[in-house]
Protein chains: 2
Amino acid sequence: MRWRGDSHPVLNALGLIVMLFAVLMLFPLAVSWFVGDGATVAFDHAVLITLAAGLLMWLPTRGRKRDLHTRDGFLLVALTWIVMPVFGALPLLDFIPDLSVTDAYFEAVSGLTATGGTVLVGLEHLPVSINLWRTFMHWIGGMGVIVLVVAILPLLGIGGRQLMKVEVPTPMKEQSLTPRIAETAKGLWMTYCLLTVACALSLWIAGLDVWEAIIHTFSVVGLGGFSSKDASLGHFGNVSVDMIVIVFALLSGLNFATHYLALARRSLRPYLADPELPFYFATLALSIVVLTVYLMQFGAHPDFLSTLRYVAFHVVSISTSLGLATYDYTLWPMFAQIWVLFLGSFIACSGSAGGGIKMMRAMILYKQVFREIVRSLHPQAVHPVRIRRQPVSDDILHAVLGFSFMYMVTIVSLTLLLTATGLDIITAFSGVVACLNNTGPGLGALGPASNYQGLTDFQTWVLSFTMILGRLEIFTLLVVLTPVFWRR
Amino acid sequence: MRWRGDSHPVLNALGLIVMLFAVLMLFPLAVSWFVGDGATVAFDHAVLITLAAGLLMWLPTRGRKRDLHTRDGFLLVALTWIVMPVFGALPLLDFIPDLSVTDAYFEAVSGLTATGGTVLVGLEHLPVSINLWRTFMHWIGGMGVIVLVVAILPLLGIGGRQLMKVEVPTPMKEQSLTPRIAETAKGLWMTYCLLTVACALSLWIAGLDVWEAIIHTFSVVGLGGFSSKDASLGHFGNVSVDMIVIVFALLSGLNFATHYLALARRSLRPYLADPELPFYFATLALSIVVLTVYLMQFGAHPDFLSTLRYVAFHVVSISTSLGLATYDYTLWPMFAQIWVLFLGSFIACSGSAGGGIKMMRAMILYKQVFREIVRSLHPQAVHPVRIRRQPVSDDILHAVLGFSFMYMVTIVSLTLLLTATGLDIITAFSGVVACLNNTGPGLGALGPASNYQGLTDFQTWVLSFTMILGRLEIFTLLVVLTPVFWRR
Ligand SMILES: [K+]
Ligand SMILES: [K+]
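Not measured: the values here are computed from a predicted model. (Residues numbered from 1 in each chain as written. Chains lettered and ligands numbered in written order. Predicted model: local features only at pLDDT ≥ 70, side-chain atom pairs only at ≥ 80, totals over all residues. Heavy atoms only, no water.)

Now for the coordination of the potassium ion (ligand 2). Tetrahedral coordination by four donors places them ideally at 109.5 degrees to one another around the metal; octahedral coordination by six donors ideally gives 90 or 180 degrees. Residues and elements named next belong to chain B. Protein-derived coordination of the potassium ion (ligand 2) comes from Ala114 (O), Thr115 (O), Leu223 (O), Gly224 (O), Ser321 (O), Leu322 (O), Asn438 (O) and Thr439 (O), at a distance range of 2.3 to 2.9 Å. Sequence spacing of the donor residues for the potassium ion (ligand 2), all on one chain, is A-T-x107-L-G-x96-S-L-x115-N-T. Linking serine 321 in the loop between α15 (304–319) and α16 (334–343) with asparagine 438 in the loop between α19 (425–436) and α20 (457–471), this pair joins segments that are 117 residues apart in sequence. A relative accessible area of 1% places serine 321 in the buried class. Classification of asparagine 438 as buried rests on a relative accessible area of 4%. (Donors = N, O, S within 2.8 Å, 3.2 Å for Na, K, Ca; no water. Helix = DSSP H or I, 4+ residues; strand = E, 2+ residues; numbered from the N terminus. Buried < 20%, exposed > 50% of the residue type's maximum accessible area, 1.4 Å probe, protein only.)

Encoded structure:
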């Protein structure tokens, strides 16, 4: 397969995606008009500009349509994630006075990558529609815009298999649920919608008003982490709300393919067959027990139950990469903070809305290490790495090992870059980890009680890039940035 | 190959090694007697106890001698590195009042693993022979006790190939220089001795007194880092000494097989053929340039030349894993500190006296990442990773990827463990990295101006373990600690 040197079909598809994005923006526009919160004009402008830009990309390239190849797929996905936040930032830029372009782009990237680190303060004074747009971006991005697009584009005659391959975050990409990829995408998307409705109803019943319930539902189900309150979920101090959020964050951290199969077959068996699920719950449970015992010794919270409540909430929220907070956990001893941040790098399952290395890769890595140990003792024996008795191919193994290595190299180099700009090491490291895992809050000056506002423009751009890098699991963006990609 | 459940041959070989160690201890004993520094009795005791212990292991197991298998090799190497520091600590424990067993063991591990982090203060008041013993342990350990043993044990009828395979730190273990492994070991060892003599003469000519020259030579050539001065090499403030140390640290950081071939063939061609060498020098040169420019902006040193002097010294000293210091670099901005610490994790070449991931592995990792990028664009094409045009086998690739992963997991988990005991994160992280890379000084409370004395007993034991783990490149120790190893 050769690079055609012809990117018109990519531009054409990007134009369609941008136009679709403009359509999605009609939702906060409608809400703004319905509630009368004064942000209608901002959304008017944003929708018009986005639509116009999409048309400008789509119209002139219409005649050059063809099926998308692997390279087209990489380019389209990378461009989508770089360009979409530009339009996502428009309503914020239009409505919020003194918001810089840098900060607006960061906020939109943080929204669409479902990271949830914010540069805004005084969230409770923002219009409902603006806060809704912030978490609606989480919701759109959490499941993957492309999955959404794949479910719709076939109607428009554009092949989606290449996109799906590039974007859907799973080390086991070869498995598809149904023979037709569009069916798969639709199935995942409907599962996602069902979960969304269930979460919104639960939060509303637990006492949040309708808009707060919807805003936070988008945040939770997309594992985003934006809130409409500066104090995040801690603002409400509502135990039922905390518990509902834990349950739905846990569900969103699982592979949506498993949810879909369970729903389609009306059976719990797919959950039993999910290879990641036992490790996911076991690691979380163990962490909650260990940290509760540890924090009890430090008297971080008044009693056992409140310790358990805050530990359980933050272990689940940070490690699934949701990132909502009910307490300033930077007040905990450093060990507990680091542990929770560290969990965030591998807990979320493949095919979930979460970020990081993913549980499946962590399992493969663990088994590979074990295999190396056995092989050093029995050099002749052949012990393939197996997941649920199925051997993992060498190609997948290489990809997983290569990814984990790049993941750590990325953390080290971006941390170095940020410390070179004068950031202290905890803030730099935790900021990079929180953005690369799409978690949101970090430690130090980026803890849940503070936010990303204090950074310089350069640092903000670095972290915007980091979030996109994390959302695209490093390689997709890296590939496009390589000279090899552009050769011939 | 089966585990015989019979560890007598291992015990027998260990007894021999311990007796050999007692013989090596005669050197500082002789020096102590010659100089009359009052430590003679301490060495008398130590030699006798060590000899007796060796005999007690060797005598009863004499009749059970057989060739050592892979598992025996692992066990012997692991036991050697755990047991030898016990005897190495004896003279220190005997002579220095109030030195705890924990600290004495740490000091001996730090000596034998050529790490060079110390728990002692007032080094200038210690007898010559004690300081000599400290760096002589570096020298013994730097080249690898086992290489030494392999060069001698064949005379005693014990097969060494298995040991060499287990201990010699190179990802390309299959290559041996000469058909006979004992020849190889002897060649490496003689090269090492030559370098030692050249370094000692140079330091003596540059103005150090005979004993200071010898003590620091052992430290430099073994890439250890102990000094006989609390202010390390900065005590002398001698530019020629600094430059000599840089040159010999650079030589010790190269693969000794290359030195050996160059000497044996009386040609510089082996250096040109060394695949690691260009990357080694290029990375170091680039780092020196970047950090000099960076530190000039901060005015860390009065002028360009002094900035260059201190940057060049510490870049070479820390990244080759020597660890001597001429300045308290924790006064530099954090970026420069972290950069230097980070270099230490991969600069030293395979087959050198240095620690860390090793340049060869770093090159393989880099090429593997590049290969993954190419493969994601051309899934059908076959692009093996090549070093100097030779394809790297999948087995080696797996081992390298597995090692790097374990290396990072080790850093993360031990850092977490140390923060859980109350250490601040910079100190914990840099201590683990400095010990795992066998560098010596870390950052924070473990910088070159302070030392490891302030740690609790538990933290000291953890770091002793870390140094051995690093010296044995993680897997050897890990394998022995696995239940699989002991099964059947
Ligand atoms: K998040
Ligand atoms: K060292």
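Moving on, we get to the confidence of the model for chain A. All names here are of chain A. Confidence along chain A averages 86 in pLDDT terms, with 90% of residues attaining 70 or more. Low confidence marks residues 155–162, where pLDDT is under 50. Its contacts with residues over four positions away, or in another chain, come to 15 contacts. Contacts of residues 168–178 to residues separated by more than four positions or lying in other chains number 28 contacts, the stretch itself having pLDDT below 50. (pLDDT = per-residue confidence, 0-100. Contact = heavy atoms within 4.5 Å.)

Our next topic: the side chain of threonine 292 of chain B. Mapped onto the fold, threonine 292 of chain B is located in helix α14 (residues 277–298). Setting aside chain neighbours within four positions, we find threonine 292 of chain B in contact with Phe304, Thr307, Leu308 and Val311 of chain B.

Taken together, the protein ligands of the potassium ion (ligand 1) are Ala114 of chain A (O), Thr115 of chain A (O), Leu223 of chain A (O), Gly224 of chain A (O), Ser321 of chain A (O), Leu322 of chain A (O), Asn438 of chain A (O) and Thr439 of chain A (O), with distances of 2.3 to 2.9 Å. In terms of primary sequence, the donors binding the potassium ion (ligand 1) are separated according to A-T-x107-L-G-x96-S-L-x115-N-T.

Another point: the relation of the copies chain A and chain B. With an axial shift of 0.0 Å and an RMSD of 0.0 Å, the rotation relating chain A to chain B amounts to 180°. The symmetry that links the two subunits is that of a two-fold axis. Measuring from the rotation axis to each C-alpha of chain A, the shortest distance belongs to leucine 401 of chain A, at 3.1 Å. In this assembly, 100% of the residues forming the interface of chain A have copies in chain B that are likewise at the interface, indicating an isologous arrangement. (Least-squares fit on C-alpha atoms with pLDDT ≥ 70 in both.)

Turning our attention to the interface of chain A and chain B. With 44 residues of chain A in contact, the opposing surface of chain B contributes 45 residues. Taken together, the two surfaces of chain A and chain B that pack against each other cover about 4,200 Å², and 77% of this comes from carbon and sulfur. Three residues stand out in chain A for area buried against chain B, namely Leu377, His398 and Phe405 of chain A, and they jointly supply 17% of the buried area on that side. At the surface where chain A touches chain B, the tally comes to zero salt bridges. Here chain A and chain B share two residue pairs in polar contact (both at pLDDT 80 or more) between them. Take the side of chain A that touches chain B: its biggest share by element is 14 residues, from helix α19 (residues 394–420) of chain A. Classifying every residue of the side of chain A that touches chain B by side-chain character gives 30 nonpolar, eight polar and six charged. (Buried area = accessible area lost by both parts, 1.4 Å probe. Salt bridge = Lys/Arg side-chain N within 4 Å of Asp/Glu carboxyl O. Polar contact = N/O pair within 3.5 Å; in protein donor to acceptor, adjacent residues only side chain to side chain. Nonpolar A, V, L, I, M, F, W, Y, C, P; charged D, E, K, R; others polar.)

Now for a nonpolar patch on the surface. Together, Val197, Leu201, Trp204, Ile205 and Val210 of chain A give the surface a local cluster of nonpolar side chains, amounting to about 510 Å² of exposed area. Here the nonpolar patch gets four residues from one element, more than from any other, and that element is helix α10 (residues 181–205) of chain A. (Patch = residues over 30% accessible without salt bridge, like charges linked within 9 Å, V, L, I, M, F, W, Y side chains within 5 Å. Areas by Shrake-Rupley, 256 points an atom, 1.4 Å probe, with all protein chains shown as cover.)

We now examine helix α1 (residues 8–24) of chain A. With 17 residues, α1 of chain A extends 24 Å from end C-alpha to end C-alpha; this agrees with the ideal 24 Å at 1.5 Å per step. Of all 17 residues in α1 of chain A, 13 are buried; the element is thus mostly enclosed. (Expected span 1.5 Å × (residues − 1).)

Okay, the environment of valine 31 of chain B next. All names here are of chain B. Tracing the backbone shows valine 31 in helix α2 (residues 26–35). In sequence terms valine 31 and isoleucine 130 are 99 residues apart; their C-alpha atoms lie 9.6 Å from each other. In this view, valine 31 contacts Gly36, Val128, Leu132 and Trp211; residues no more than four positions away in its chain are not counted.

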